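Coordinate analysis (summary)
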Amino acid sequence: MKTKLTKSVIDKIPFSNDGRLMLIDTELKGFGCRVGKSSKVYFAEKRVNGKPVRVTIGKHGQITPEQAREEAKAILGQMSGRTASNPNEEKKQERIKGITLAEALEEFKRARSYLKARTIKDYEYALQKYFSDWRGKPLTAITREMVDSRHKLIGNGNGGAAQANQAMRFLRSLYNYAIGKYGREVVSVNPVEGLTLTRSWFKVKRKQSIIRPHELPALFEALEKLVAESPYESTRTFRDYILLLLFTGLRRNEALKLTWDMVDFEGKTFKIADTKNNEPLILPLSSYLFDLLNERSKNRNGSDYVFPGRNPELPYADPTRQLDNLKKLSGLEFALHDFRRTFITIAESIDLPYYALKRLVNHKMGNDVTAGYIVHDVERLRRPMQQITDKILFEAKQIGIGNVIEFKKGTRK
């Protein structure tokens, strides 16, 4: 509907049931008012680079037609000539440029909904602990100099070198996401790149601690002594949990979350669905593990978990106290992840096939083209798993348990 837009004319127009009534001003081309179901809104409209662009000016009643017309003139002028631009896009870009670190994390979490809860928790922890004073800063306001200074501060302070690097890797991921989503026109640079360009990352040696073969007898003796001296079922649960870690190389939470429906006694396999790399893992049970789990299954007490906590509806909790007792009794110093390194080291020592070893510990094959053609069969892993078990038992001097075989260096089975 074309008419001169005045207050009296617009006041007389009833609200539109479908919200599509357009009043087009006869004095200024491109100026109009959209009549909706409950409001009347002024706008300016013009083609920019061949595409129609409509810019909202304000609501009738909050501004007058005369004020809206003057604003429309300025907007239409911006959308005209050689330097024509889209005001809506410019507003969007300005809004994006103002996105803060905290807001970016929330967007990142929504986009990466497939990430594990532990990973998201680590991101949130890093933001709160190391970048709390940056939470309200726009991404574009954080510079390479600021990152370099904060990296040094964390590394030389209570955080330490490893935590400093980890915090910056988190920040780098967040910026890479923002650059991918909004483009370098908005987020022009990842400020963490400076650490790579200047080679400023802290050198952190990968942990190499394991339970050495000659230490295994002391470990087994200490585990049995713990059970013998304790009347609590939780101590037996702890012992079996440690043994499962040692004989499978599972990560601590993968073992803790193991439920009975994941164990197939008939097929002599077990399954880990929730893994670090999101790839389900099915492994064979060696004879030793079969006996261990079979014995545990006789005393489930109604729990779904192989290693239940005091509340049978929940998994076994943090074993820190029991772990300290085990270290004192055995005279050894180790962390839970050392059992995974021990499993892998022993597997490598008996020259298992490369692909079998990677599959046993659920490591991704990366860009290995050959690995992509291999169809994994759990039965192909049964002999390697038994060989590792037998080697551990042999070194631990548990000769009467398992089918110990002779190991010849350099021989592949």
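That block above? That's the structure.
First, a word on what this report is: a plain description of the structure on this page. Note that the structure is predicted; figures quoted are calculated from it, not measured.

Reading the values: the criteria
Residues numbered from 1 in each chain as written. Predicted model: local features only at pLDDT ≥ 70, side-chain atom pairs only at ≥ 80, totals over all residues. Heavy atoms only, no water. Pairing = 2+ DSSP bridges. Helix = DSSP H or I, 4+ residues; strand = E, 2+ residues; numbered from the N terminus. Contact = heavy atoms within 4.5 Å. Axes fitted to C-alpha atoms, helices over the stretch in contact; angles between N-to-C directions. Buried < 20%, exposed > 50% of the residue type's maximum accessible area, 1.4 Å probe, protein only.

**Describing the pairing of strand β4 (residues 40–48)**
Pairing between strand β3 (residues 31–35) and β4: five bridges, direction antiparallel. Bridging from a neighbouring strand, Phe-31 pairs with Ala-44 of β4. The turn joining β3 and β4, which pair antiparallel and follow one another in sequence, is formed by four residues. Pairing geometry for β4 and strand β5 (residues 51–59), over eight bridges, is antiparallel. Residue pairing across strands places Glu-45 opposite Arg-54, the latter belonging to β5. From the end of β4 to the start of β5, which pair antiparallel, there are two residues, and Asn-49 there has a positive phi angle of about 55°.

**Regarding the sheet that holds strand β1 (residues 2–3)**
Taking strand neighbours across the sheet as the criterion, the five strands line up as β1-β2-β3-β4-β5 in an open arrangement whose pairing is mixed. Single-partner strands in this sheet number two, and they are β1 and β5. Sheet analysis places strand β2 (residues 21–25) next to β3, joined by four bridges and oriented antiparallel. Pairing of Met-22 across the sheet is with Arg-34, part of β3. Relative to β4, helix α2 (residues 65–78) is tilted by about 20°, and along the sheet it contacts β2, β3, β4 and β5.

**Let's talk about unusual backbone geometry**
Of note, the phi angle at Asn-49 is positive, near 55°, even though the residue is not glycine. Considering the arrangement of structural elements, one finds Asn-49 in the loop between β4 and β5. The backbone of Lys-268 shows a phi angle near 55°, a positive value even though the residue is not glycine. Position of Lys-268 among the secondary structure elements: in the loop between β6 (263–264) and β7 (269–272). The class of Lys-268 is partly exposed, set by a relative accessible area of 39%.

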